[in-house]
Amino acid sequence: MKQLSRLSVRSALFILLVLYTAYAIGPLIWLGSMSLRTTSEIDSSHYALPNTFHWWKFHEAWANSNYNNYFWNSVFVATTSVLVLVVIGAMAGYCLARYPFRGNRAVFFAIFSTIMLPPQITVISLFQILVKYGLFDTLTGLTLVYIGVQMPITLYILEGFFKRIPRDLFDAAKIDGYGDFEIFWRIGLPIAMPAVVTVMILNFILLWNEFLYAVVLITSDEKRTLPLGVQKFMGDQFSDIGMVATGAMISIIPVIIAYAFFSEKIIQGMTAGAVK
Amino acid sequence: MASVALENVNKRYDKAKELAVDSLSLEVEDGEFLVILGPSGCGKSTVLRMIAGLETITSGTLTIGGKLMNNVPAKDRNIAMVFQSYALYPHMTVKQNLSFGLRRRRIAKDEIARRVEETSTMLGLSELLRRKPHALSGGQRQRVALGRAIVREPEVFLFDEPLSNLDAALRVNTRNELVKQHQRLGTTMIYVTHDQIEAMTMGERICIINNGRLVQVGKPLEVYRNPADTFVAKFLGNPPMNLFSVHLAAAGEKVSARIGKQILDLKWPLSELVEHVGSTVILGVRPEDTSEIPPTNKGEAASLTGRISAIEALGSETLVVLDIDGVDQAFRARLSRYATYQLGDKIRIYTDVSSLHIFDPQTSMTILDSTISKRATTSL
Amino acid sequence: MSIWYRRESNGQWPIIALFVGPALLGYILLTIYPVLLTIYNSFFEIRPRNAAAFIGWKNYAALASDRTFWLAVRHTLIWALVAPVLEVVLGLLLAVTIYARAPLGRFFRVAWFSPVLISYVVVAIMWSWLYNYDWGLVNAGLRALNLEGLQRSWLGEPGTALWALIVVDVWKWTGFHLIVCLAAVHGLPQEVIESAEMDNCGWLGKIYFIVVPMLAPTLIGLLVLGFVGKMKVFDLVWIMTQGGPLWSTETVSTYVYKRAFDWNTFDLGYPCGIATVWFAAILLCVILFTTVFRQREKLEY
């Protein structure tokens, strides 16, 4: 009897979980299915699954609605920022974790505390600064800004990881005859590779999706990143639901691929700041 | 190969009030195996790390092979170190771990290969060269750590408690292995440990450090027989030496000691201890110097009675704890394995007066060294 | 023979500068300088091609009587107070459910976290469609349940627009809180939960008496993190409603953006004033939270 009631509680729980899962990923699946249907198909039945897969829509969006342009802009901005961030952030994180110099903690907390800054406090000035130095409405300018924005979380994660590497390893390398930079390069960085990869994926996804700085700092169509492109397309082609969905899918496919391969790493990275 | 000398070396960590190492002077001869022994936190690892160049020297001088080393960075000192945690590079194979220090020193490739080959064969690591540290057992890791030091062919080896992460059986083997390696290589080795058995069995000399100060240096048995102060007396030997306050008095031409109501006839000439007669000193008796059987030569023996409060029959020997009237701490005695006593028995134990130690209660330094007591016994 | 003694970090400064320098430089140029410039600008009226005119505290005085600003503050605070609570409570309940070893736990984990990774632009588009009056899933569902009377233009009516947005926010972020809670629940000592089981503690009882108190630090951390995050909310609002209808979803962030770049007022000084005030408010909240919770923790141990 008790077994039976236990079983019914468990199945009720399971149904609850399935319902929540439908709620969490249902909209995404719906979006995916719409991206493969034409707008007229969608208009006749909004929640049907595709009966023919119109893959050509992706080509259409890519080639004729400028999505290829948006896509490569996003790739450029995100990868450049990620690479610069990981180099600068790893060096700084390593140093702050390993060298107990005067002002070490002050530097760390100064940079780390900017995590909570509202973007508005910098975005207007950054707009002015970029205009002043001719970097407004350029991908270089946006990349620079992104590096500044993501520096705190990068530093926080990497510093934390470097701190957990036992000091003896670095001492052993010193005794083996290596200098400061070589120890960083040959010991610190390779051992920190898991954290480095996490930080790279995390930054890539966050910057790939970034909207506020992009919308302020980019104005011309050929410089738009994907979120801006999708938003503009939505504004221009409001009623062409099918194509909007295709464009939206193009913008999230890289994230979905990354998530498929690195789901654990991504989850770890995203929640790194919150778990005590 | 080189000698190592520290002269009046001090170490003060940032913001610390106390010196971690206090005017330490020590000479390690070329080719010697010196063990630095002390309780945890005594500063012995700091000494080693200063020799390695991992800690700066606050003041004093350090020379290796006659060259001043104070400001030579670790990477330019020709030393190798084995860490307690082994500190193997986790992302490298055993082979890469062994050759890492050689590659930096621009040693020819075939020479590196030869040395790695030789060392790994000698240490039985040949089968493991392609493995990474996480796939090795504790003992294998320890050997890789040792191998990484040996391939370097350094002037000085430094060991920082390298055996403390091994289980007991492996520790004995590795101890012997290390001694063998020292005989083979003939290189100066400085070995830090808190384990007195390691110190006694491995060191050609041992150097005992307490609270950042050097207390005593000497050959293991010398130090064991003639501890310089009560700290060494208690630290070396297991169970530790019994130490208790006694009152010295003159008994004719000889000296005797009063313990509670008992008089211990020390039979030492009065002249040697004349300034201490009438005052309190600390008497030290090693448990292993006691016996329940009266010695044949009664002239050299002193005896005490006490009540047994605990018995540990170990088979090879029997340890008893005695309560002695007028002594507030327990007295440990090591009796023969044939001793059959019950708890509460009152027994008399004997000890050779030449094996007793006397320390000054103020300075805790030894008053009477063995030369005096030897003379005392021979004069009888 | 004279020897010089190295101090602990002497001689390391060049290498420290080399390692930390780039990050520090970026930090100063891209964060500190803009923040200070914004605060400085808030005392000026800045119009394009005109020299900036110093106007003292005028921007702040105007702000005090700016009804739209206070409306935006109200909406942002509602958002920042309600959304994190919903997200954390939901996340915790789901975490406990998974912890109770529901089958397919790993799959659920990955599925539930996925909304966190979808860009706001896509989320906004998707949900605008779900809220569509004619064919959106929400109204379609109501029709299916014979509740036609409840149908409305969820984003088009001032009464519902803000809540409709908060629902989207909860949809996006619950997965995040869920994963954090899950990790924390797994970190709890097994014996405590088992002993609760022996005390015949019910399912809800276990959550209320054991899990919540023991996870308090994590939960508080999540609430604070959520609060600070929602104080900045921009993307969702800007793409879905642009603050409308009738200011009903205006948040501080969208208002700053509008005043700086969208309206033709061409004055950057005033939005800088808003940003400065809001920055100070967030800073104050964070300091308040940390001191309050730190004191509580001190009491507990």
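Since the model is a prediction, treat every value here as computed from it, not as a measurement.

Asks: Could you clarify how one ought to interpret unusual backbone geometry in this entry?
Replies: Glycine aside, residues mostly have negative phi, and peptide bonds are mostly found in the trans state. All names here are of chain B. With an omega dihedral of -5°, the bond running from Asn238 to Pro239 counts as a cis peptide bond. With a phi angle near 50°, Asn8 is a residue other than glycine that sits in the positive phi range. Here Asn8 is to be found in strand β1 (residues 4-11). Looking at Asn8, the relative accessible area reads 44%, which means it is partly exposed. In this model, Glu161 sits at a positive phi of 45°, which is unusual for a non-glycine residue.

Asks: Just checking my understanding: could you explain the domain arrangement of chain A for this structure?
Replies: Reports of interface size often rely on the accessible area that becomes lost once the parts have come together. Residues and elements named next belong to chain A. For chain A, the domain assignment lists domain 1 (2-35) and domain 2 (65-270). The gap between the C-alpha centroids of domain 1 and domain 2 is 34 Å. Contact with domain 1, which involves four residues of that partner, is made by seven residues of domain 2. At the boundary of domain 1 with domain 2, total buried surface from both sides reaches about 430 Å², with 83% on carbon and sulfur atoms. The largest per-residue losses of area from domain 1 upon contact with domain 2 belong to Leu31, Met34 and Ser35, which jointly make up 85% of the total buried on that side. If you look at where domain 1 meets domain 2, you find zero salt bridges. Along the contact surface separating domain 1 from domain 2 lie one residue pair in polar contact (both at pLDDT 80 or more). Looking at side-chain class alone, the side of domain 1 that touches domain 2 contains two nonpolar, two polar and no charged residues.

Asks: Would you mind going over the packing of aromatic side chains with me for this structure?
Replies: Within a pair of aromatic rings, the relevant descriptors are the distance that separates the centres and the angle that separates the planes. Applying the stated criterion across every chain, the model contains 51 aromatic pairs over all chains. For the ring pair Tyr20(A) and Trp112(C), a centre distance of 5.2 Å and an interplane angle of 90° mean the geometry is edge-to-face. Taken together, the residues span two chains, with Tyr20(A) in helix α1 (residues 2-35) and Trp112(C) in helix α4 (residues 105-117). Centre to centre, the rings of Phe43(C) and Tyr60(C) are 5.6 Å apart; their planes meet at 45°, and the pair counts as tilted. Note that Phe43(C) is positioned in the loop between α1 (13-41) and β1 (44-45) and Tyr60(C) in helix α2 (residues 58-64), a separation of 17 residues in sequence. Put simply, the rings of Tyr94(A), Tyr99(A), Phe162(A), Phe170(A), Phe181(A), Phe184(A) and Phe19(C) touch in pairs and so form one group of aromatic residues. Stacked on the ring of Tyr178(A), the Lys or Arg Arg104(B) has its end atom at 5.9 Å from the ring centre. Positioned above the aromatic ring of Trp173(C) is the side chain of Lys172(C), whose terminal nitrogen or guanidinium carbon lies 5.3 Å from the ring centre.

Asks: Looking at this structure, I do not really get the interface of chain C and chain A. What am I missing?
Replies: Facing the 84 residues of chain C at the interface are 79 residues of chain A. Of the roughly 7,600 Å² buried at the junction of chain C and chain A (both faces included), carbon and sulfur atoms supply 79%. Taken as a group, Phe19(C), Leu117(C) and Trp129(C) account for 11% of the area that chain C buries against chain A, more than any other trio of residues on that side. Here Arg109(C) and Glu264(A) are joined by a salt bridge, their closest N and O atoms 2.7 Å apart. Summed over the shared surface of chain C and chain A, the number is 17 residue pairs in polar contact (both at pLDDT 80 or more). The biggest single contributor to the side of chain C that touches chain A is α1(C), with 18 residues. Of the residues assigned to the side of chain C that touches chain A, the class counts are 65 nonpolar, 13 polar and six charged.

Asks: Quick question: what am I supposed to make of the sheet that holds strand β6 (residues 79-82) of chain B here?
Replies: Backbone hydrogen bonds hold the strands of a sheet together, and the pairing may be parallel or antiparallel. All names here are of chain B. The sheet built from six strands is open, its strands ordered β6-β7-β8-β3-β9-β10 with mixed pairing. Looking along the sheet, the strands with just one partner apiece sit at the ends: β6 and β10 (213-218). Neighbour-to-neighbour, the strand axes of this sheet turn through a mean angle of 20°, independent of strand direction. The pairing of strand β3 (residues 33-37) with strand β8 (residues 188-193) spans five bridges and is classified as parallel. Within the sheet, the bridge partner assigned to Phe33 lies in β8 and is Met189.

Asks: When you look at a nonpolar patch on the surface in this model, what are you seeing that I'm missing?
Replies: A contiguous nonpolar patch, built from Leu25(C), Ile28(C), Leu29(C), Ile32(C) and Leu36(C) and spanning about 450 Å² of accessible area, is present on the exposed surface. For Leu29(C), the location among the structural elements is in helix α1.

Asks: Looking at this model, I keep getting lost on the environment of Pro190(A). Mind explaining?
Replies: For Pro190(A), the position within the fold is in helix α9 (residues 180-191). You can call Pro190(A) partly exposed: its relative accessible area is 27%. C-alpha of Pro190(A) to C-alpha of Ile25(A): the two residues are 165 residues apart in sequence and 36 Å apart in space. Non-local contacts of Pro190(A), meaning those with residues more than four positions away in its chain, are made with Phe184(A), Trp185(A) and His91(B).

Asks: Please explain the pairing of strand β12 (residues 254-259) of chain B as it appears in this structure.
Replies: Both faces of the sheet carry side chains from a regular strand, because those side chains alternate between them. All names here are of chain B. In this structure, strand β11 (residues 242-251) lies alongside β12, joined through five bridges in antiparallel fashion. Across the sheet, the residue bridging to His247 is Arg258, located in β12. If you look at the hairpin formed by β11 and β12, you'll find two residues sitting between the two strands, and Gly252 has a positive phi there, around 70°.

Asks: In this structure, what is going on with a negative patch on the surface? I would like to understand it.
Replies: Taken together, the side chains of Glu7(B), Glu27(B), Glu29(B), Asp30(B) and Glu204(B) present a region of like negative charge at the surface. Note on placement: Glu29(B) falls in the loop between β2 (21-28) and β3.

Asks: Quick question: what am I supposed to make of helix α5 (residues 168-185) of chain B here?
Replies: Residues separated by three or four positions in an α-helix point in the same direction, a consequence of the helix having 3.6 residues per turn. Residues and elements named next belong to chain B. Between its terminal C-alpha atoms α5 stretches 26 Å, which fits the 26 Å expected from 18 residues at 1.5 Å a residue. The complete set of buried residues in α5 reads Thr174, Arg175, Leu178, Gln181 and His182. Relative to the axis of α5, the buried residues are bounded by an arc of 130° and lie together on one face. Across α5 from its buried face, at more than 90 degrees, point the exposed residues Ala169, Asn173, Lys180 and Gln183. On its buried face, α5 sits against β3, α3 (109-122), α4 (138-151), β7 (156-160), β8 and α6 (196-202). Of the residues one or two after α5, Gly186 is the one with positive phi, at around 65°.

Asks: So what exactly am I meant to see when it comes to the packing of α9(A) against helix α10 (residues 193-208) of chain A here?
Replies: For any two helices packed against each other, the geometry is given by the interaxial angle and the distance between the axes. Residue and element names in this part refer to chain A. Put simply, α9 and α10 touch, their axes get as near as 4 Å, and they point 65° apart. Counting all contacts with α9, which are made through Leu189, Pro190 and Ile191, the residues of α10 involved are Met193, Pro194 and Val196. Looking at the contact of α9 with α10 residue by residue, the classes come out as six nonpolar, no polar and no charged.

Asks: Which parts of the structure should I look at to understand the sheet that holds strand β15 (residues 290-291) of chain B?
Replies: Residue and element names in this part refer to chain B. The antiparallel open sheet is built from five strands, whose spatial order is β15-β19-β16-β17-β18. The outermost strands of the open sheet, each flanked by one partner alone, are β15 and β18 (331-335). Pairing of strand β17 (residues 318-323) with β18 involves five bridges; the strand directions are antiparallel. Of the residues in β18, the one forming a bridge with Val321 is Arg332.

Asks: I'm lost on the pattern of salt bridges in this one. Help?
Replies: Should the charged atoms of two oppositely charged side chains come close, the side chains can pair. Going through the model one piece at a time under the given rule, you end up with 26 salt bridges over all chains. In this structure, the salt-bridge partner of Asp171(A) is Arg167(A), at a minimum N-O distance of 3.9 Å. With Asp171(A) and Arg167(A) both in helix α8 (residues 167-175) and four residues apart, this pair spans about one turn of that helix. Classification of Asp171(A) by relative accessible area gives buried; the value is 3%. For Arg167(A), a relative accessible area of 47% gives the class partly exposed. The closest approach of N and O atoms between Glu32(B) and Arg205(B), which form a salt bridge, is 2.4 Å. Of this pair, Glu32(B) sits in the loop between β2 and β3 while Arg205(B) is found in strand β9 (residues 205-210), placing the two residues 173 residues apart along the sequence. It is possible to trace a salt-bridge network through shared partners that takes in Arg167(A), Asp171(A), Lys11(B), Arg49(B) and Glu55(B).

Asks: Teacher, can you tell me more about the nonpolar core here?
Replies: Of all hydrophobic cores here, the largest spans 227 residues; its most connected members are Phe162(A), Ile190(B), Trp112(C), Phe113(C) and Trp129(C). Setting aside residues up to four positions removed in sequence, Trp129(C) forms contacts with Trp30(A), Leu31(A), Met34(A), Met234(A), Ile241(A), Val244(A), Ala245(A), Trp135(C), Gly136(C) and Leu137(C). Counting 39 residues, the second largest nonpolar core, distinct from the first, contains Ala80(B), Val116(B), Leu123(B) and Leu166(B).

Asks: Would you mind going over the packing of helix α4 (residues 67-98) of chain A against helix α7 (residues 139-164) of chain A with me for this structure?
Replies: Residues and elements named next belong to chain A. It is at 6 Å that the axes of α4 and α7 come closest, and there the two elements cross at 40°. For the element pair α4 and α7, the recorded crossing hand is right-handed. Looking at the contact of α4 with α7, its residues break down into 19 nonpolar, eight polar and two charged.

Asks: For this particular structure, what's the right way to read the side chain of Thr230(B)?
Replies: Residues and elements named next belong to chain B. Along the polypeptide, Thr230 turns up in helix α8 (residues 230-235). Exposure remark for Thr230: the relative accessible area of 15% places this residue in the buried category. The residues contacting Thr230, other than those within four sequence positions of it, are Leu243, Ile282, Phe359 and Ser364.

The rules behind these values
- Residues numbered from 1 in each chain as written.
- Chains lettered and ligands numbered in written order.
- Predicted model: local features only at pLDDT ≥ 70, side-chain atom pairs only at ≥ 80, totals over all residues.
- Heavy atoms only, no water.
- Helix = DSSP H or I, 4+ residues; strand = E, 2+ residues; numbered from the N terminus.
- Buried < 20%, exposed > 50% of the residue type's maximum accessible area, 1.4 Å probe, protein only.
- Domains from an automatic or database assignment.
- Contact = heavy atoms within 4.5 Å.
- Buried area = accessible area lost by both parts, 1.4 Å probe.
- Salt bridge = Lys/Arg side-chain N within 4 Å of Asp/Glu carboxyl O.
- Polar contact = N/O pair within 3.5 Å; in protein donor to acceptor, adjacent residues only side chain to side chain.
- Nonpolar A, V, L, I, M, F, W, Y, C, P; charged D, E, K, R; others polar.
- Phe/Tyr/Trp six-rings, centres within 6.5 Å; stacked < 30°, edge-to-face > 60°.
- Lys NZ or Arg CZ within 6 Å of the ring centre and 35° of its normal.
- Pairing = 2+ DSSP bridges.
- Axes fitted to C-alpha atoms, helices over the stretch in contact; angles between N-to-C directions.
- Patch = residues over 30% accessible without salt bridge, like charges linked within 9 Å, V, L, I, M, F, W, Y side chains within 5 Å.
- Areas by Shrake-Rupley, 256 points an atom, 1.4 Å probe, with all protein chains shown as cover.
- Lys, Arg positive; Asp, Glu negative; His and termini not counted.
- Charge placed at Lys NZ, Arg CZ, Asp CG, Glu CD.
- Expected span 1.5 Å × (residues − 1).
- Arc of directions from axis to C-beta.
- Core = buried A, V, L, I, M, F, W, Y, C linked by side-chain atoms within 4.5 Å.
- Left-handed = near helix turned anticlockwise from the far one by under 90°.

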